[in-house]
Amino acid sequence: MKKIVRLAVAVVLVFGSGLYLYARYKPLPALSQSELPDLRDSKPQISASDRYAKPDAPLEGMEGVASNGQLSLYYDPKTMEIAVRDKTGRVWRSNPSSAEDGIANASVKDQLSSQIIVNYSDKNGQQSYKTSNQDSVQLKQAVAEPFEQGLKVTYTLGKATSEIDVLPKKISAERYQKLILDKVGKKYKRYLVQAYQNDKNKNVYERNDKSLAALLLNKVIEAFQEAGYTAEDLAKDDKENGNGGSNEKQVFTIPVEYTLSGDQFVVRVIGSGIQYPASYPLTDIALLPYFGAAGLQDQGYMFVPDGSGSLIYLNNGKERYDSFDQPVYGDDGGTWNGENDDDPTIEPIRLPVYGIKTQDKAFVAMIDQGAAAASIHAEVSRKRNSFNSVYASFKYISEEKVSLTSTSQSGNRSKVIPVFQQRPVMSDFSVRYAFLSGDEASYAGMADYYRNDLLSKGWLSKKEESTGELPFYLELVGGIPKRKSVLGIPYKAIVPLTTFDQAQTIVSGLKEQGIDNQKVRLSGWFNGGYSHKIADTVKVDGVLGGSSGYRNLIGFAKKQGVGLYPDVSFTHLYATDGKYTEAKAVSRYINHEAAWVWERTDWTQPLSPRLLPDVVDGFLNAYKRFGDTGISLRNIGSQLEGDYRNGHVVDRVQSQEIDRQQLAKIAGQLPDLMADGGNAYMLKYAKHIVEAPMSNNGDNVTDEAVPFYEIVLHGYVDYAGAPLNLSRVADVKSYVLKCLEYGSSLYFKWIYADNSEVRNTDFQYLYSVHYETWMKTAVESYRTVSKALGDVQNKPIVGHEKLAKNVFRTTFEGGKTITVNYNDHEVDVDGQRIPAEDFLVGGHG
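Only a predicted model underlies this, so the values are computations on that prediction, with no experimental measurement involved.

Looking only at helices and strands, one finds 16 helices and 44 strands in the protein chain. Radius of gyration (C-alpha) of the protein chain: 30 Å, near the 28 Å computed for a compact globule of 845 residues. Considering only C-alpha atoms, the protein chain reaches an extent of 95 × 90 × 50 Å along its principal axes. In the protein chain, of all internal contacts separated by at least 6 residues, the share reaching a separation of at least 24 is 69%. For the protein chain, the exposed area adds up to about 35900 Å²; of that, 49% sits on carbon and sulfur atoms.

Here is the structure:
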C-alpha cells in the first residue's frame, strides 16, 4: 500500500512539474509581425466638397500650386519655401526671412531657411544633422512635383557623391601627426585646425563635417594629397577607428507632401519613401520648424499642450531657460535613457495639438499620423534667433546606450556604445494646420476648433443629457497585498481595505447626504488585489466577499442608480509568474533588457503589445458572467509603450493602434467606460475621465496654465482631476476653486478600513483615505461645485480669460460665467466684489 501511495505522489509531482514547465515555456498567443498594423501610405482624408484650381491671386516670388476656395498654396522653386494664403488674405510662410536676423549665426540661418531638419547618428553614437536648405535645396537635390490638391517635394539630403569621402572620418592622433601634420602641418595649419578636432580622451582626430565646405574642403583635400595620403591609408584608418560610414554616403531621402483639405493645410512625411544609409540611422525628423514663426515685434503667445495647457508669451525674455520639449503621450516606457528619471509629478501631453497667436491671427496645428512618435517643441526669440517658433518632430529610430566593461591585468575598462531600434517606425507623419482670426484667434478658439475636428472624425460625441447634479467620482480600494508570516515563513496575503459589503455602506452614507449621482471606481477587486495578476481571466477576491458578494454589489449599485466601474490594468504586469514570465511577456528595451515603467506610485513592467489582444479577449469572455457594468481602465489609453524585442519590434505608433483596437473591443461589450488620464485616442470610447490634467508642469519657459484640455472635453466627456484627499493642491478651497474654473467634478479615493492598515506595505501613499475622515468635506465641497456647475455640465466652455493676477473667468455656452479669485484678498471685477479665495457666478442664464 505504501508503495502505491509513494508511486501516486511521485506521479503527481512529476505530472505537476511537467504542467508547470509546460505553462512556463509554452509560447503565448501573440500578434505576428505580419499582423502588426503598417500605418504607412495612409493618404490624408480630403474634403469631399473641395474643388481645386490654380490660385487666382499671385504671390510675389512664388508659383501658385493649388486653391480650393478656402486656402491657396504656393511655393518657391528656388528655395522650396511654402506659403499658404488663408481666407482672410493672411499669408503663412514655412520660413521667415533670415537675411536680416542679427542674432542668428550662419548655421541657425540655414535652419531658418529649411522645411525639414533630420538628426542622425553613426554607429559610434556621434550625433549629426542635415537641413533641407544647405544639404538638399542648395545642392539642387530637392525635386518638386505639383499635383491637383498640392505639392510633393522629395528632399535628398547630403551629396550622393562627395569629395569629402576621400578624407578619413577619424584618424588616430599618432597617424595624423606622422602622415599629415609633420609633412604639411605648417602650410595648411589654418585649414586643418578647423577640419579635424582632437578627442583627447580617445586620442583620435575626428572630421568636422559641418565646417568642411567650399574653400576649406578643397584646401584640406589638397593638404592630404600633398602629404601623400592614399586610398590604402583611408581604408586602414576606417578599419582602425570603426569608420564604417566613411565609404557609405550620408545621404537621406525624405518625401514631403503638402495638401489642401477644406480649411486645413496638411503636411505629410511619406513613411514608405524615407531612405537612410544603414551606417547612419535616422533618429528624428523636424517638420516645418519655423512655420508661422513670430518676430520680435509681434504680440501674442504660443500654445503648447503641457498638462492642461500652457501659454508661452511671445518675446517673453526667457531665452536663458531650456526650450519647451515634451513627447506626445509622455515618455515611451519601452525605451531607456540610462536613468530612472520618471517623474511622477509630470503631466504628459494628452492631446497632440499646438498653436501660435500673433495679433488677431492664429493657427492651430493638429498632429494626425504618427502622433505617438511625436514631440512638441517651442522656442522663444533671442535664444538662437529673432523668432518665436512652435513645431513637431517625429522619432523615426530610437537609440539607447549600453555600457560594456572588460577586465584585464591593468584593471577594468568600460565603453559606452549605442544600440538602435531594429527597424524604423511603420507610419507616415502628418500635421494639419488650421487658421483662425478675430475672436477665434485665441487658445479657447484653438480648443473649439480642435474639438470640432474631433467631432467630425467621430473621436468625440455629445454626451447624453444629464441630471442637474454633477457626477461624484469615488474610488474605493478593495484589497492590497501585504507581507505576513506564519511560523517565521513569509508569505503575501491580500488585506481587505474595503469589502463589497463595506462599499455598500459608504455608498449608502453618501446617498443619505444627498449625493445620488455617484460614479464608483472599484480597484483591487480581483486576481489578487490592487496589484493584480494578468487580467486574462477573472477571479474575484474571496477576502472581499467573492463572486457572490460582487454580484450583490452590482445589484445594489443598479438599484441605487450608482455607476460601478471595476478597475482593470491590461497593459502592465505587477507579477511575472505562471505563464506570463518576464522572458515571454514583458516588453524589451532596445538594449534587450526587460522594461520597467513608473505607474503613478510605483514601478511595474509593461506587457508586450503583441500579447494584449489575447489578454483582453480572455477578460471579456470571463467577465460576461457578471453582466453589464461599467469598467475602469487604469493604464490603457493613459500610458503608451513600445516593445523593442529583437525580431518582434512593436513601435509606439503600432502600440497605439493596438490599444485603440482593444478599446473598441472593450467598449463594444462594456460601453460605460471610465479612463485614467485620457490620451486623445481614448476620447472616442471614454464617458468618464479621472486623473485629468488640471494644471501645467510649471516649466520655466512657460507663462500661464490654461484649461485647454477641459475646453475640448466639457459637455462631451465628464472628467475630474486627481483625488482631492491625495492631491498636490495645497488645500480643499484651492481644489474646489480649480474645479469651478476648469468645469470639473470632484474625485475622492477612500477605504473603509483604518489608515493604519496600509503601514508596512507598498501603499503607504494612501496615508489619508479613511472615508469617515473625508465624508463631511466631500459633501460640502460637492454641494458647492454641483450647485455652480450642475446646469452647465452638458454645455461646452466657450471662453476663458485672465482678468487680473490670480483671477480667471470661464464662460459656458448660453452665457453663464464663473469668475474665480485665488488671491488671499478680495478683488473687484466689473463693479462686483469677490471675496478672498472665492468665486462669483454671473452672466446670462
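This part takes up the sheet that holds strand β32 (residues 602–606). Reading across the sheet, the three strands line up as β30-β32-β31 and stay open at both edges, with antiparallel pairing between neighbours. Two strands close off the open sheet at either side, each with one partner strand: β30 (572–573) and β31 (597–599). Looking at chain direction, β31 and β32 are connected through three bridges and run antiparallel. Bridge assignment links Glu-599 to a residue of β32, and that residue is Asp-602.

Moving on: the pairing of strand β11 (residues 204–207). Where burial is concerned, the two faces of β11 agree: the one with Val-204 and Glu-206 and the one with Tyr-205 and Arg-207 are both buried. In this structure, strand β9 (residues 170–172) lies alongside β11, joined through three bridges in antiparallel fashion. The residue of β11 that forms the bridge with Lys-170 is Glu-206.

With that out of the way, let us pick up the environment of Thr-505. Mapping Thr-505 onto the fold places it in helix α9 (residues 500–512). Separated by 169 residues in the primary sequence, Thr-505 and Met-674 have C-alpha atoms spaced 23 Å apart. Once residues within four sequence positions are removed from consideration, Thr-505 is found in contact with Tyr-752 and Tyr-771.

Describing an aromatic ring pair means giving the distance of the ring centres and the angle of the ring planes. One pass over the structure, following the stated rule, counts 41 aromatic pairs. Where Tyr-329 meets Tyr-681, the ring centres are 5.1 Å apart and the plane angle is 90°; that geometry is what we call edge-to-face. Taken together, the positions of Tyr-329 in the loop between β17 (324–327) and β18 (353–358) and Tyr-681 in the loop between β34 (673–676) and β35 (688–690) put the pair 352 residues apart, joining distant regions of the chain. Tyr-681 carries the same exposure label as Tyr-329, and that label is buried. Between the aromatic rings of Tyr-530 and Phe-763, the centroid separation amounts to 5.5 Å while the plane-to-plane angle is 80°, which identifies the pairing as edge-to-face. Within this pair, whereas Tyr-530 is found in the loop between β28 (518–523) and α10 (546–560), its partner Phe-763 is found in the loop between β38 (746–750) and α16 (771–789), the two being separated by 233 residues in sequence. Taken together, the ring pairs in this structure connect Phe-500, Trp-525, Phe-526, Tyr-550, Phe-570, Phe-619, Tyr-623 and Phe-626 into an aromatic cluster. It is Arg-90 that lies over the ring of Trp-92; its NZ or CZ is 3.9 Å from the centre. The side chain of Arg-634 reaches across the aromatic face of Tyr-530, ending 4.0 Å from its centre.

Another point: helix α6 (residues 214–226). The end-to-end C-alpha separation of α6 is 19 Å, in line with the 18 Å expected for 13 residues at 1.5 Å each. Those residues of α6 not exposed but buried are Leu-216, Leu-217, Val-220, Ile-221, Ala-223 and Phe-224. Across the axial projection of α6, the buried residues extend over an arc of 155°, all falling on one side. The exposed residues of α6 that point more than 90 degrees off its buried face are Ala-214, Leu-215 and Gln-225. Along its buried surface, α6 packs onto α4 (173–184), α5 (189–195) and β10 (196–199). Backbone geometry just after α6 places Gly-228 at a positive phi near 85°.

Turning to the pattern of salt bridges, a few remarks are in order. Counted according to the given criterion, the structure contains 36 salt bridges. Note that Asp-791 and Lys-816 form a salt bridge whose closest N and O atoms lie 2.7 Å from each other. Here the residue Asp-791 occupies a position in the loop between α16 and β39 (797–804), and Lys-816 occupies one in strand β41 (residues 816–821), the gap between them amounting to 25 residues. Overlapping salt bridges bring together Glu-475, Arg-521, Asp-567, Arg-634, Asp-676 and Lys-749 as one network.

This next bit is on the nonpolar core. Within the largest apolar cluster, 191 residues are counted, with the highest numbers of intra-cluster contacts made by Tyr-258, Phe-265, Tyr-433, Trp-525, Phe-570, Phe-619 and Trp-750. Among the elements that make up this core, the one with the highest residue count is α16 (nine residues). Excluding its chain neighbours within four sequence positions, the residues that come into contact with Phe-619 are Trp-525, Phe-526, Ala-535, Asp-536, Val-538, Val-568, Phe-570 and Ile-631. Within the second largest apolar cluster, 24 residues are counted, among which are Ile-171, Ala-173, Leu-216 and Phe-224.

Criteria and thresholds
- Note that residues are indexed from 1 along each chain, following the sequence as it is written.
- For a predicted model such as this one, the threshold for reporting local features is a pLDDT of at least 70, and the threshold for listing and counting side-chain atom pairs is 80 or more; totals across whole chains, interfaces and linings nevertheless cover every residue.
- Hydrogens are left out, water is left out, and the side-chain values use all remaining heavy atoms of the structure.
- Helix and strand assignments come from DSSP, with helices taken as H or I runs of at least 4 residues and strands as E runs of at least 2, each series counted from the N terminus.
- In this description the radius of gyration comes from C-alpha coordinates, and the expected globular size is given by 2.2 Å times residues to the power 0.38.
- Residue contacts are counted whenever heavy atoms from the two residues lie within 4.5 Å of one another.
- Throughout, the Shrake-Rupley method with a 1.4 Å probe supplies accessible areas, and for residues the shown protein chains are the sole cover considered.
- Any two strands are treated as partners once DSSP identifies two or more bridges connecting them.
- Accessible area is worked out with a 1.4 Å probe on protein chains only. A residue is then buried under 20% of its type maximum, exposed over 50%, and partly exposed in between.
- Working definition: rings of Phe, Tyr and Trp (its six-membered ring) pair if their centres are within 6.5 Å, and the pair is stacked with planes under 30 degrees apart, edge-to-face with planes over 60 apart, and tilted otherwise.
- Note on geometry: a ring has a charge over it if NZ (lysine) or CZ (arginine) is within 6 Å of the ring centre and within 35 degrees of the ring normal.
- Helix span is expected to be 1.5 Å times the residue number reduced by one.
- Taking the helix axis as origin, the arc is that swept by the directions to the C-beta atoms.
- The working definition used for a salt bridge is a side-chain nitrogen of Lys or Arg within 4 Å of a carboxyl oxygen of Asp or Glu.
- Throughout this description, the term nonpolar core refers to a set of buried Ala, Val, Leu, Ile, Met, Phe, Trp, Tyr and Cys residues connected via side-chain atoms within 4.5 Å.

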